[in-house]
Amino acid sequence: MNGIANILNKKEFSKEDIIYLLSVKNKDDQSLLFQKAFEVKLKNIGKNVYLRGLIELSNQCKKNCLYCGIRGGNEKVNRYAIPDDEVIEVAKYAQKLNFNSIVFQSGERSDSAFVERISNLIKKVKEVTNPKLRLTLSVGEQSFETYKNWFNAGAERYLLRIESSNKNVYNKIHPNDELHSYDIRLKSLENVKKAGFQTGTGIMIGLPFQTVEDLADDLLYIKKLAVDMVGMGPYIEHADTPLYQQKDNLLPIQERLELALRMISVLRLIAPTINIVSTTALETIAANGREFGLKVGANVIMPNLTPLKYRESYLLYDNKPYLNEVTEESMKELTSSIRSIGQEIAWDEFGDSIHYLQRNKKN
Ligand code: 5AD
Ligand code: SF4
């Protein structure tokens with residue numbers, strides 16, 4: 001048996017194994033990795049693909065992450081907050097399209113007006129939807145009390161990407177101040193889990209200063225944290241950000257895409273029952289990038305339900321697709337493209353992470 005087949009047959013993967021798999025360049029070996037990850041996904045989760053409708057609530061952000069197009073310091077961005085009644089309309093529309101789950105994402109604020117607004121929105125969405133939609137929040141670092149309040153208000157899931165688990169890399173892609181502290185990030189993620197949420201994290205792949213070894217450590221960190229869901233995608237530069245200065249020190253975009261796909265595959269091997277998102281950033285690089293993600297181990301996609309008029313103000317990175325409206329027609333197309341790769345949208349399920357259901361049973 002050749003090197004890769006030996007590794008793929010293992011039950012436990014060492015850091016060296018992971019580095020080997022992430023570094024595979026030969027197309028045949030890469031296909032073996034992708035196939036194995038797809039098999040592991042089928043065995044543990046079946047053909048199911050879970051949908052989440054994404055609502056980008058607001059681009060107001062107090063932070064200044066060096067990679068992000070909507071960082072507070074970018075004065076070219078028109079700031080918005082979608083009024084509550086429009087958000088509720090979007091939630092109802094999601095339900096009309098048979099989505100069972102939506103995600104509230106926004107720039108980071110932690111003032112009391114914001115905290116209260118999110119609590120109210122959670123309650124309102126729960127009130128107006130029947131059966132109730134599962135709700136994921138992705139609105140940054142907050143106090144433990146805030147996480148607990150939002151969980152008690154009815155949100156079930158929370159995503160907080162670690163961005164990079166390597167403190168050095170983290171510090172190079174964030175300003176060096178209290179607002180962007182690596183240690184607080186780690187603590188917040190622990191607090192998300194402690195508050196009771198199905199917990200998600202993730203990283204960016206192909207960042208400047210990041211090595212394959214760092215990525216292997218990211219995967220081991222994710223495994224150790226025992227999170228329920230992961231969203232990770234390629235880093236894509238944005239011209240109006242400080243990190244753009246490093247644009248000549250990046251992997252070519254196609255290689256970044258393939259590296260991101262290998263990351264998804266290896267993650268599926270080491271964490272067979274978690275939910276893994278096939279991210280929009282994959283779609284930015286290749287038109288069918290999201291389907292690629294689903295073919296190599298991912299099982300979640302997040303169609304963007306943000307009303308079109310806000311979309312061009314939520315461009316986290318260059319070329320983010322923002323004109324695709326989600327309609328009954330586009331959902332039919334998505335359904336058939338998913339079917340064409342041997343997968344099915346799980347219309348009748350909430351899509352809770354199996355990892356979460358199992359750990360909750362034990363407690
Ligand atoms: N490239 C890729 N992903 C990015 N994000 C922010 N900026 C970029 C970028 N330039 C991701 C971060 C953040 C999520 C909302 O978007 O991981 O957590
Ligand atoms: Fe704000 Fe999030 Fe962008 Fe950082 S990544 S600047 S917290 S929106």
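Bear in mind the structure is a predicted one, so any value in this text is a computation, not a measurement.

Cut-offs and rules
Residues numbered from 1 in each chain as written. Chains lettered and ligands numbered in written order. Predicted model: local features only at pLDDT ≥ 70, side-chain atom pairs only at ≥ 80, totals over all residues. Heavy atoms only, no water. Near = heavy atom within 4 Å. Polar contact = N/O pair within 3.5 Å; in protein donor to acceptor, adjacent residues only side chain to side chain. Areas by Shrake-Rupley, 256 points an atom, 1.4 Å probe, with all protein chains shown as cover. Buried < 20%, exposed > 50% of the residue type's maximum accessible area, 1.4 Å probe, protein only. Helix = DSSP H or I, 4+ residues; strand = E, 2+ residues; numbered from the N terminus. Pairing = 2+ DSSP bridges. Nonpolar A, V, L, I, M, F, W, Y, C, P; charged D, E, K, R; others polar. Contact = heavy atoms within 4.5 Å. Expected span 1.5 Å × (residues − 1). Right-handed = clockwise from strand over helix to strand, strands pointing away. Core = buried A, V, L, I, M, F, W, Y, C linked by side-chain atoms within 4.5 Å. 1 Å grid on protein atoms, 1.4 Å probe; cavity = no way out; pocket = protein on both sides within 12 Å on 5 of 7 lines; lining within 4 Å. Points joined across faces, edges and corners; volume = space filled by probe spheres on them. Phe/Tyr/Trp six-rings, centres within 6.5 Å; stacked < 30°, edge-to-face > 60°. Lys NZ or Arg CZ within 6 Å of the ring centre and 35° of its normal.

> Is there a simple way to explain the site of ligand 1 in this structure?
The local shell around ligand 1 consists of Y67, C68, Q105, R161, E163, M204, P234, Y235, I236, L316 and Y317. The separation between a nitrogen atom of ligand 1 and a polar main-chain atom of Y67 is 3.0 Å. Within the side chain of R161, one N or O atom sits 2.8 Å away from an oxygen atom of ligand 1. Within the complex, 87% of the 400 Å² of free accessible area of ligand 1 lies under protein.

> I'm lost on the pairing of strand β1 (residues 48–51) in this one. Help?
The two faces of a sheet get side chains in turn, since along a regular strand they alternate between them. Covered by surrounding structure in β1 are N48 and Y50 together with V49 and L51, the residues of both alternating faces. One ladder, built from two bridges, connects β1 with strand β12 (residues 344–345); its direction is parallel. Along β12, the bridge assignment pairs N48 with E344. Note: β1 against strand β11 (residues 300–301), two bridges, orientation parallel. Residue pairing in the sheet places L51 in a bridge with I301 of β11.

> Honestly, the site of ligand 2 in this entry has me stumped. Any pointers?
Residues in contact with ligand 2, as listed here, are C61, K63, C65, Y67, C68, I70, R71 and G107. Tallied by class, the residues present in the shell around ligand 2 amount to five nonpolar, one polar and two charged.

> Whenever I open this one, the side chain of T241 confuses me. Can you help?
With respect to the element layout, T241 can be found in the loop between β9 (233–234) and α10 (253–270). The class of T241 is buried, set by a relative accessible area of 7%. Engagement of the side chain of T241 in a polar contact is seen with the backbone oxygen of H238, the distance being 2.6 Å. Sequence-distant contacts of T241, that is, excluding residues within four places in its chain, are made with L66, Y67, C68, G69 and R71.

> I would appreciate a short explanation of the side chain of S353 in the present structure.
For S353, the position within the fold is in the loop between β12 and α15 (354–362). Within polar-contact distance, the side chain of S353 engages the backbone oxygen of D228 at 2.9 Å. Setting aside residues no more than four positions away along its own chain, S353 makes contact with Q198, D228, T273, I274 and N275.

> It is not clear to me how the environment of N319 should be interpreted in this structure. Could you clarify?
Secondary-structure assignment places N319 in the loop between α13 (308–311) and α14 (328–340). For the pair N319 and A281, spaced 38 residues apart in the sequence, the C-alpha separation amounts to 9.3 Å.

> How do you make sense of α10 when you look at a structure like this?
Each α-helix turn comprises 3.6 residues. Residues three or four places apart therefore point the same way. Between the first and last C-alpha of α10 there are 26 Å, a value that for 18 residues agrees with the 26 Å anticipated at 1.5 Å per step. In terms of burial, α10 is a largely internal element, 14 of the 18 residues being buried.

> Looking at this structure, how should I read the environment of I222?
Residue position: I222 is located in helix α9 (residues 212–225). When the C-alpha atoms of I222 and A271 are compared, they prove to be 8.9 Å apart, with 49 residues separating the residues in sequence. In contact with I222, not counting residues within four places along its chain, are T201, V227, V230 and L267.

> Quick question: what am I supposed to make of the pairing of strand β2 (residues 53–58) here?
Among the six residues of β2, six are classified as buried, and the element is accordingly described as predominantly covered. For β2 and strand β3 (residues 101–106), the ladder comprises five bridges, and the chain directions are parallel. Bridge pairing links E56 to Q105 in β3. Taken together, β2, helix α4 (residues 84–96) and β3 constitute a β-α-β crossover, and its handedness is right-handed.

> Looking at this structure, how should I read the nonpolar core?
The nonpolar side chains of soluble globular proteins are, as a tendency, buried together. Within the largest apolar cluster, 104 residues are counted, with the highest numbers of intra-cluster contacts made by F104, W150 and L267. Counting residues per element, this core draws most heavily on α10, which supplies ten residues. Counting residues in hydrophobic clusters, the runner-up holds eight residues, among them V103, V277, V300 and M302.

> For this particular structure, what's the right way to read empty space enclosed by the protein?
By rolling a water-sized probe across the atoms, one finds the places where empty space is left. Per the counting criterion, the structure on display carries two cavities of 30 Å³ or more. Counted as a void, the largest cavity has a volume near 70 Å³. Along its surface, the largest cavity is lined by R52, V103, T136, L159, M229, N275, V277, V300 and M302. Across the lining of the largest cavity, the residue classes break down as six nonpolar, two polar and one charged. Reported here for the second largest cavity is a volume of approximately 50 Å³. Along its surface, the second largest cavity is lined by Y50, L51, R52, N98, F99, N100, I345, A346, W347, E349 and F350. Of the residues in the lining of the second largest cavity, the class split is seven nonpolar, two polar and two charged.

> It is not clear to me how the packing of aromatic side chains should be interpreted in this structure. Could you clarify?
Two aromatic rings are characterised by how far apart their centres lie and by the angle between their planes. Applying the stated criterion across every chain yields a total of seven aromatic pairs. Look at Y170 and Y182: their rings are 5.4 Å apart centre to centre, the planes differ by 65°, and that puts the pair in the edge-to-face class. Linking Y170 in helix α7 (residues 167–172) with Y182 in helix α8 (residues 182–194), this pair joins segments that are twelve residues apart in sequence. Here Y170 matches Y182 in class, with each residue buried. By way of ring pairs, the aromatic residues F114, Y147, W150, F151, Y158 and F197 are connected into one cluster. Positioned above the aromatic ring of F350 is the side chain of R134, whose terminal nitrogen or guanidinium carbon lies 4.0 Å from the ring centre. The ring of F144 is capped by K194, whose NZ or CZ atom sits 5.2 Å from the centre of that ring.

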